[in-house]
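Each chain is listed here by its residues.
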Amino acid sequence: MVSDLMALWFSVYEKTYLRIKRHRIDESQYQSGDPLISIYIPTFNRKKLLVERSIQSVLDQTYKNFELIVSNDGSTDGTSEAVKRIKDPRLILVEGDRSKYRYPNKAIYHWFGGSVTASNLALEHVRGKWIAMNGDDDYWTEDHLESLLRYAQESRKEFVSSSILVRQDGKEEVWGNDTDPEDKTGIGSQQTWLYRDYLNFFKYNIHCWRKSYFRPNDSDFTYRIWKAGVDIGFLDKVTVLYEPRPGETDIGSRAYLAKADEIVKQMSKF
């Protein structure tokens, strides 16, 4: 019942508000130049990967006009201290907590909604004309921002994404915007998103786990973007590297559920 009511609310509010936002913007300001891009990374207890993979790949970008918002979701592994040691004025650390109830303490629900609160907190702090997201254990190619921004400007799209290179089991495979045959949104993986600032009213849904379809928070987000009528574009180019974390063999939900007992035990502390 809750999920049905939420779906109805989103479908009416987001479609209507998108029309209002479009009516008020100056379209020309998105079509050229080197605007500020706000990048956000939600994270929880992945200090080493966050610093060595995700943050470093952002700092190595050929496109330099960005701010990087790291949203720490109550980590207990020294994440905050590690981020503060990085001396770059473009880096912003915001701190969340895990004091409020979110969903049942089961691994699958943590997979569906684990980054929702941290992502929404980060989105409250963005100042750029464009918004991008990176995972806390993913690599961007050096031209990630440059490629996506120029494509979005030239095509005049509101929301763009690209392909990722997946390395697993000694093999490499390119995933595009058609990896999931049931997903008709035309949007690639979350780590490849770049979208205009006025779409910032789209927030992640903490109740996504209650649904019977598009239950992961990023899938719920893209489905709502698509349903609202956002102008979506896809760049057929690899701009992200996705591979297992050290000590693991799987990626995505399989990697998460492979250590379900460990995750549940860790989360029971909150």
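See the structure shown above.
Structure report, in brief. (Residues numbered from 1 in each chain as written. Predicted model: local features only at pLDDT ≥ 70, side-chain atom pairs only at ≥ 80, totals over all residues. Heavy atoms only, no water.)

### Brief notes about the overall build of the protein chain
- Counting its regular elements, the protein chain contains 9 helices and 9 strands.
- Across its three principal axes, the protein chain shows a C-alpha extent of roughly 50 × 45 × 35 Å.
- Taken across its 270 residues, the protein chain has 50% of its residues classed as buried.
- Total accessible area on the protein chain stands at roughly 13,000 Å², and carbon and sulfur atoms take up 51% of it. (Helix = DSSP H or I, 4+ residues; strand = E, 2+ residues; numbered from the N terminus. Buried < 20%, exposed > 50% of the residue type's maximum accessible area, 1.4 Å probe, protein only. Areas by Shrake-Rupley, 256 points an atom, 1.4 Å probe, with all protein chains shown as cover.)

### Overview of the pairing of strand E9 (residues 232-242)
- Burial of E9 is extensive: 8 of the 11 residues sit out of reach of the surface.
- With 2 bridges joining them, strand E5 (residues 139-140) and E9 adopt antiparallel strand pairing. Across the sheet, the residue bridging to tyrosine 139 is leucine 241, located in E9.
- Sheet topology note: the strand E6 (residues 159-168)/E9 ladder contains 8 bridges and is parallel. Its bridge partner lying in E9, valine 160 is registered against glycine 233. (Pairing = 2+ DSSP bridges.)

### Observations regarding the environment of arginine 53
- Relative to the assigned elements, arginine 53 resides in helix H2 (residues 47-59).
- Take arginine 53: its relative accessible area is 5%, and that puts it in the buried class.
- Within polar-contact distance, the side chain of arginine 53 engages the backbone oxygen of proline 244 at 3.0 Å. (Polar contact = N/O pair within 3.5 Å; in protein donor to acceptor, adjacent residues only side chain to side chain.)

### Quick word on unusual backbone geometry
- With phi around 60 degrees, arginine 156 is a residue other than glycine that occupies positive phi space.
- Mapping arginine 156 onto the fold places it in the loop between helix H6 (144-155) and E6.
- Here the phi dihedral of aspartate 169 falls at roughly 55 degrees; this positive angle occurs in a residue that is not glycine.
- Within the secondary structure layout, aspartate 169 lies in the loop between E6 and strand E7 (171-175).

### A few points about the packing of aromatic side chains
- Applying the stated criterion across every chain, the model contains 19 aromatic pairs.
- Both rings, one in tyrosine 213 and one in tyrosine 223, keep their centres 5.8 Å apart while their planes meet at 75 degrees; by these two values the pair is edge-to-face. Note that tyrosine 213 is positioned in the loop between strand E8 (194-196) and helix H7 (217-228) and tyrosine 223 in helix H7, a separation of 10 residues in sequence.
- The exposure class of tyrosine 213 is partly exposed, given its relative accessible area of 37%.
- Among the aromatic residues, those joined into a cluster by ring pairs are Tyr13, Tyr17, Phe159, Trp193, Tyr195, Phe201, Phe202, Tyr204 and Phe221.
- The ring of phenylalanine 44 carries the charged tip of arginine 98 above its face, separated from the ring centre by 4.3 Å. (Phe/Tyr/Trp six-rings, centres within 6.5 Å; stacked < 30°, edge-to-face > 60°. Lys NZ or Arg CZ within 6 Å of the ring centre and 35° of its normal.)

### With respect to the pairing of strand E3 (residues 91-95)
- Relative to E3, strand E2 (residues 66-72) runs parallel, the two being bridged by 5 bridges. Paired with asparagine 72 across the two strands is glutamate 95, which belongs to E3.
- Between E2 and its parallel partner E3, the chain crosses via helix H3 (residues 79-84), and the hand of that crossover is right-handed. (Right-handed = clockwise from strand over helix to strand, strands pointing away.)

### Re the nonpolar core
- Grouped together as the largest cluster of nonpolar side chains are 55 residues, with contacts concentrated most on Ile37, Ile39, Tyr40, Ile55, Leu68, Phe159 and Tyr195.
- Residue contacts for tyrosine 195: discarding those within four places in its chain leaves Tyr40, Leu123, Lys129, Trp130, Ile131, Glu158, Phe159 and Phe221.
- Core analysis: the second largest hydrophobic core is formed by 5 residues, Tyr109, Phe112, Cys208 and Trp209 among them. (Core = buried A, V, L, I, M, F, W, Y, C linked by side-chain atoms within 4.5 Å. Contact = heavy atoms within 4.5 Å.)

### Observations regarding the side chain of threonine 222
- Mapped onto the elements of the fold, threonine 222 is located in helix H7.
- Owing to a relative accessible area of 5%, threonine 222 belongs among the buried residues under this scheme.
- There is a polar contact of 3.1 Å between the side chain of threonine 222 and the backbone oxygen of serine 219.
- Sequence-distant contacts of threonine 222, defined by excluding residues within four places in its chain, comprise Thr185, Ile187 and Trp193.

### Focus: H6
- Here H6 spans 17 Å end to end across 12 residues, near enough to the 16 Å set by a 1.5 Å rise per residue.
- For H6, the complete set of buried residues consists of His144, Leu145, Ser147, Leu148, Leu149, Ala152 and Gln153.
- Positive phi appears at arginine 156, one or two residues downstream of H6, with a value of about 60 degrees. (Expected span 1.5 Å × (residues − 1).)

Keep in mind that these numbers describe shape and distance, not what the molecule does.
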